[in-house]
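Results of the structural survey
For reference, the chains in residue letters:
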Amino acid sequence: MNFQESVSAVWVKLQKMLDSFIIMLPNIVLALVVFALFWFAGRIVRFAVRRLTRRYRHARNLGLILGRLAQGAIILLGLFVALSIVLPTFQAGDLVQLLGISGVAIGFAFRDILQNFLAGILILLTEPFQIDDQIIFKTFEGTVENIQTRATTIRTYDGRRIVIPNAELFTNSVTVNTAFENRRLEYDVGIGYGDDIEQAKELILQAMHSVDMVLKDPAPDVLVMELAESTVNIRARWWIAPPRRADSLDSRDQVLTAIKNKLTANGIDLPFPTTQVLFHDQTEETDGNRSRQREGWPAGSGKVPKPIRISDALRKLADMPAQRDNAKAEGNGNARKLE
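Figured I'd write up the structure that's included with this text. From a predicted model like this one, the values you see are computed outputs, not experimental measurements. (Residues numbered from 1 in each chain as written. Predicted model: local features only at pLDDT ≥ 70, side-chain atom pairs only at ≥ 80, totals over all residues. Heavy atoms only, no water.)

Description of the overall build of the protein
Worth spelling out the cut-off: In this text, helices come from DSSP runs of H or I with a minimum length of four residues, and strands from runs of E with a minimum of two, each type numbered from the N-terminal end. Exposure is judged per residue with a 1.4 Å probe applied to protein chains only, and the accessible area is read against the type maximum: over 50% gives exposed, under 20% gives buried, and values in between give partly exposed. Whether two residues are in contact is decided by their heavy atoms, any of which lying within 4.5 Å being enough. Only the protein chains shown count as cover for residues, with accessible areas throughout obtained via the Shrake-Rupley method and a probe of 1.4 Å.
Helices and strands together make up the secondary structure of the protein, namely nine helices and eight strands. Looking at the protein as a whole, 26% of its 339 residues are labelled buried. The long-range share in the protein, meaning contacts at least 24 apart out of those at least 6 apart in sequence, stands at 58%. Only carbon and sulfur atoms are counted for the fraction: they give 60% of the accessible area of the protein, which is about 23,100 Å².

Written out as structure tokens, the structure reads:
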């Protein structure tokens, strides 16, 4: 077969393919129209289900699942109908058989995707958190924007979006800050050791009651928590509603401002950390017997010696050259007498 005959054979095949395409073109157009109708019908059903369940808080996630499943089923049905229009000999069993043969390979290839998909379904069904809840996951904190079948998106408080795979959310601990209507906040206030604890507690309670955001029921309370190095730490605890991040920050600002002003106005000290350093000469001459020393050693049965002051040590150090000069002068005078 020469070159011209090869070109002619190819041209004949192209003409047959073109004729077949022209014959099938009406069916292809009709199949695309039918598939598009099923696609839009699936979207309409999805939005309808979401709208019906949106008014019920505990049914929102169930509405998401039912809407997406209904949309997928309608689109799959539209795909079968469109293929039947284009290929009259096509049967749904053929596609099912093909999917069954390749299902194992697809499962291994897309294991992580399927894992996230199943985790997303379980999250939507069990509802550990819902859309608009404020959650903490590892180092991320923000408001849940959307729960998809593959991942969950949260909006951080500084205006960033975090996409978290559902498998990680389902298998790790998640803190839901807005799970309940009320939330308790707390802060430790340090007062001086010389201040009256009962008076300080009463003033802190008055300060918290003066803030409108603090709930009266459950009532705020105060507890002495620690005798620290420089302060007596009193823990102030109060409840707010709703328990969202903005409300938490606002109430903390108002409560701490009121506590500080109330305590200082009534003479309660708010001391900062202080450190006391005691100097020892570490010699028997100045500190006496080790068994009788006070700071750092147990006192003996006799009189406890007083610690040497820094001023006395410096004065003694300054007098040492004069004492040496006097000792030398006395030594020279004694030598002359001997001569």
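Structural notes on the sheet that holds strand β6 (residues 183-191)
Operational definition: By definition, two strands form a pair when at least two bridges between them are found by DSSP. Throughout, an axis means a line fitted to C-alpha atoms (over the contacting stretch in the case of helices), and angles, computed between N-to-C directions, take values from 0 to 180 degrees.
With antiparallel pairing, three strands are arranged side by side in an open sheet as β6-β8-β7. The open sheet terminates on both sides in strands that have one partner only, identified here as β6 and β7 (221-227). Direction aside, neighbouring strands of the sheet carry axes that sit 25° apart on average. Here six bridges tie β7 to strand β8 (residues 232-240), and the two strands are oriented antiparallel to one another. Opposite valine 222, over in β8, you have alanine 236 as the bridge partner.

Examining unusual backbone geometry
Residue aspartate 217 is joined to proline 218 through a cis peptide bond whose omega torsion reads 0°. Across the junction of alanine 241 and proline 242, the peptide omega takes the value -5°, indicating a cis bond. The residue proline 242 is located in the loop between β8 and α7 (245-265) in this model. Located in the positive-phi region is aspartate 132, a residue other than glycine, with phi close to 80°. Inspection of the secondary structure assignment puts aspartate 132 in the loop between α4 (111-126) and β1 (134-137). The phi angle at lysine 138 is positive, at roughly 55°, despite the residue not being glycine. Along the polypeptide, lysine 138 turns up in the loop between β1 and β2 (140-147).

Focus on the pattern of salt bridges
The criterion, for reference: Should a side-chain nitrogen of Lys or Arg be within 4 Å of a carboxyl oxygen of Asp or Glu, the pair is scored as a salt bridge.
Inspection of the entire model under this criterion finds eight salt bridges. Across the pair arginine 160 and aspartate 158 runs a salt bridge, and its minimum N-O distance is 3.1 Å.

So, helix α6 (residues 197-209)
Just so we agree on the cut-off: By this rule the span expected of a helix is its residue count minus one, scaled by 1.5 Å. A 3.5 Å cut-off defines polar contacts: any pair of N or O atoms within that distance qualifies, except that in protein one atom must be a possible hydrogen donor and the other a possible acceptor, and neighbouring residues in sequence count only when both atoms are side-chain atoms.
With 13 residues, α6 should reach 18 Å at 1.5 Å per residue; the first-to-last C-alpha distance of 18 Å fits that figure. Packing partners of the buried residues in α6 comprise β6, β7, β8 and α7. Capping of α6 at its N-terminal end is provided by aspartate 196; its side-chain oxygen lies 3.2 Å from the backbone amide nitrogen of glutamate 198.

A closer look at the layout of surface pockets
Quick reminder of the rule: Using a grid of 1 Å spacing that covers the protein atoms alone, one calls a set of points a cavity when a 1.4 Å probe fits there but cannot get out, and a pocket when the set is open and has protein on both sides within 12 Å along at least five of seven lines; lining residues are those with an atom within 4 Å of a point. Grid points are joined across faces, edges and corners, and a volume is the space filled by probe spheres set on the points. Charged means Asp, Glu, Lys or Arg here, nonpolar means Ala, Val, Leu, Ile, Met, Phe, Trp, Tyr, Cys or Pro, and polar covers whatever is left, Gly included.
Put simply, the second largest pocket is a space of about 170 Å³. Only β6 and α7 provide two or more residues apiece to the lining of the second largest pocket. Per-element tally for the lining of the second largest pocket: the top contributor is β6, with four residues. Its residues placed into classes, the lining of the second largest pocket shows five nonpolar, one polar and two charged.

Focus on the environment of proline 243
The residue proline 243 is located in the loop between β8 and α7 in this model. Counting along the chain gives 66 residues from proline 243 to asparagine 177, while the straight-line C-alpha distance between them is 6.9 Å. Proline 243 has contacts with Gln134, Asn177, Thr178, Phe180, Glu181, Asn182 and Arg183, leaving out every residue within four places of it along the chain.

Some details on the pairing of strand β4 (residues 161-165)
Where burial is concerned, the two faces of β4 differ: the one with Ile162 and Ile164 is buried and the one with Arg161, Val163 and Pro165 is not. Where strand β3 (residues 151-156) and β4 come together, five bridges link them in antiparallel fashion. Bridge pairing in β4 places arginine 155 opposite arginine 161. Here β3 folds back onto β4 in antiparallel fashion, the turn holding four residues, of which glycine 159 has a positive phi close to 85°.

Examining the sheet that holds strand β5 (residues 175-176)
Pairing is antiparallel across the open sheet formed by five strands, whose spatial order is β4-β3-β2-β1-β5. With one partner strand each, in any of the chains shown, β4 and β5 form the two edges of the open sheet. Taken together, the five bridges between β2 and β3 define a ladder with antiparallel strand orientation. Across the sheet, residue isoleucine 147 finds its bridge partner in β3, namely threonine 152.

Quick notes on the environment of methionine 24
By the secondary structure assignment, methionine 24 is in helix α1 (residues 3-54). Sequence spacing of methionine 24 and leucine 87 is 63 residues, and the spatial spacing of their C-alpha atoms is 9.1 Å. Not counting residues within four places of it along the chain, the set of residues in contact with methionine 24 comprises Val86 and Leu87.

Describing the nonpolar core
Rules: Residues belong to one nonpolar core when they are buried, are Ala, Val, Leu, Ile, Met, Phe, Trp, Tyr or Cys, and are joined through side-chain atoms within 4.5 Å.
Counting residues in each nonpolar core, the largest one holds 21 residues, and the members touching the most others are Ile204, Met208, Ala236, Trp238, Val255, Ile259 and Leu263. At the level of elements, β6, α6, β8 and α7 are the ones that each hand at least two residues to this core. For methionine 208, the contacting residues outside a window of four places in its chain are Val214, Pro220, Asp221, Val222, Ala236, Arg237, Trp238, Val255 and Ile259. By size, the runner-up hydrophobic cluster in this structure holds 13 residues, among which are Phe137, Ile154, Ile162 and Leu169.

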